[in-house]
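Below, each chain spelled out in residue letters.
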Amino acid sequence: MQFNTSVFVFAFLPITLFLYYVIPFSRAKNYILLLASLAFCAWGDPSNLLLLIAVISINYFTALALVKVDGNLIKKLLLITLISFNVIVLAVYKYTGFIVSNASALLGLDVVVPSIALPLGISYFTLKLITYVVDVYRNRVDVQRNYIDLALYAAMFPAITAGPIVKYQTIEKQLRERAHTLRKFSSGVRLFCIGMAKKVLLSNTVAILASSMLSYGGSEVGMYGAWFGLIAYAFQLYFDFSGYSDMAIGLAKMFGFDFEKNFNYPYISKSVTEFWRRWHISLSTFFREYIYIPMGGSRVSTPHFVLNMATVWLLTGIWHGAAWNFIWWGLYYLIVLLIEKYVLSGFLERVPAAVRHFYVVFVFLMGWCLFWISDAGAIGEYVAALFGCYGLFGAQTYWQIGAWQYYPVLLICLLASTPLLPWLKCRLQKWLKADEDTEGVAAYIGIKDTSAVDLCDFDSLIQGAHGARSGVVQIIQMLCDITLIALLVFSLAATISGSFSPVIYAAF
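For clarity, every value in this text was computed on a predicted model and none was experimentally measured.

With that settled, consider the packing of helix α2 (residues 26-42) against helix α3 (residues 47-68). In the contact formed by α2 and α3, the axes pass within 7 Å of each other and the chain directions differ by 125°. Accordingly, the angle class assigned to the pair α2 and α3 is oblique. Counting all contacts with α2, which are made through L38, C41 and A42, the residues of α3 involved are N48, L49 and L52. Split by residue class, the contact of α2 with α3 holds five nonpolar, one polar and no charged.

Below, the structure is given as structure tokens:
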């Protein structure tokens, strides 16, 4: 089951919300949410539950033992054993086929590659449990003695598939006590509507252009079609994953939880380092806090630093999928980031912002090309087409390629991938308060954190507005809500009509 399906929106979510809020006891709400999450995980394949419960139970009891044993060496061995168990579980289900096929090819053997179904959310709940046991070991959090709460943390359906990787320390207190307010609930509904529209109306639409250009092949569509296909894929990937993350964070708010953001307008970045601080923030945070920093981070010798970076980016590539193109994609970013640090750092600081932005766009588009195409021959042809080896239109004509039909939606995607709306909301706040303090306005926009602003929640502006201007904000709030309802209706109509497509990142 995925969030952008009619069965989820019309059946699963309303029933879960009703049962959750009809029970007045706060602790009992965790039981309802856990049962709903287990049902969500079991949908389509009930055997997923056995693995999930087994992994949760082993982490629960081993973490309890971790705080009881004496001696740092024993604790460290116990931690290593538990982390190894989680990694092995993930590797067996996700990488067995890849390892066997490559080993048999290398040894010249004819081995039948096993087909193992990937359990729902395994990439996410294993990493979440690793953050829990490591933080218990570091004494950053108390060991969770309530099995239900730990199970809820690991299996909670808003963050089990492709939402943010929620660290245990982020919601440790929320598992015991959290606020349920109408404002938080309505904020969650609005964010869910935004995420649904991004996924269904934007990502699914440009996906048609991307897949058609890829199916033609670089030699058929030439430089024009190849670039438009790659740009369409970049928007497809961004709105697919950020939209699903928005839905996940919105759903969490409906149940009283506050998840941290996962995207912060990455396509406006002016360095590749900045790009990775804005893209899939929870994954970057995980690798930084639980792998990169424990290895020494950047406060080491240059060879050691390169080794740390290589480890992180190799694991980043492997985490995304059991295929060589993901490994090459990870190594590609390793090389780019090392060049940016040791060669381009001083140069980039001196060039205009537009040049830096163009450089980052080129880098991530080439990266998405590696991410997108798994066949080595196909990617070679496609890259050749990007640089004009097959002419402007290849074997087609401008009209046959058909990219022109997607100009309007590509323009919408371009605008939606920038912090235009936070900027407009900031200007509205300045007008309401008659505030000439531009520094305060800049802080509100959140130049360092543009996604922290709830774009469709104007309650705080109404409270601080002068006089009759608050009425203007109320009208804007009403218009925004009507627009979001319309977007949700259009999204559901598109889903019901049969245009549903699975979430890309759910496969990772």
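Our next topic: the packing of aromatic side chains. Applying the stated criterion to the full structure yields 61 aromatic pairs. Seen from their ring centres, F3 and F8 are 5.1 Å apart, and the 40° between their planes marks the pair as tilted. Residue classification places F8 among the buried positions, given a relative accessible area of 0%. Ring geometry for W324 and W328: centres 5.4 Å apart, planes at 20°, overall stacked.

This brings us to the pattern of salt bridges. All chains considered together, the criterion is met by nine salt bridges. One salt bridge connects D149 with R27, and the closest N-O pair in it is separated by 2.8 Å. Pair noted here: D149 is in helix α6 (residues 147-155) and R27 is in helix α2, with a separation of 122 residues, a long-range link. Across the salt bridge formed by K199 and D240, the nearest N and O atoms sit 2.8 Å from each other. With a gap of 41 residues between them, K199 in helix α8 (residues 182-216) and D240 in helix α9 (residues 218-254) connect regions that are remote in the sequence.

The rules behind each value
Residues numbered from 1 in each chain as written. Predicted model: local features only at pLDDT ≥ 70, side-chain atom pairs only at ≥ 80, totals over all residues. Heavy atoms only, no water. Axes fitted to C-alpha atoms, helices over the stretch in contact; angles between N-to-C directions. Helix = DSSP H or I, 4+ residues; strand = E, 2+ residues; numbered from the N terminus. Parallel < 35°, antiparallel > 145°, perpendicular 65-115°, else oblique. Contact = heavy atoms within 4.5 Å. Nonpolar A, V, L, I, M, F, W, Y, C, P; charged D, E, K, R; others polar. Phe/Tyr/Trp six-rings, centres within 6.5 Å; stacked < 30°, edge-to-face > 60°. Buried < 20%, exposed > 50% of the residue type's maximum accessible area, 1.4 Å probe, protein only. Salt bridge = Lys/Arg side-chain N within 4 Å of Asp/Glu carboxyl O.

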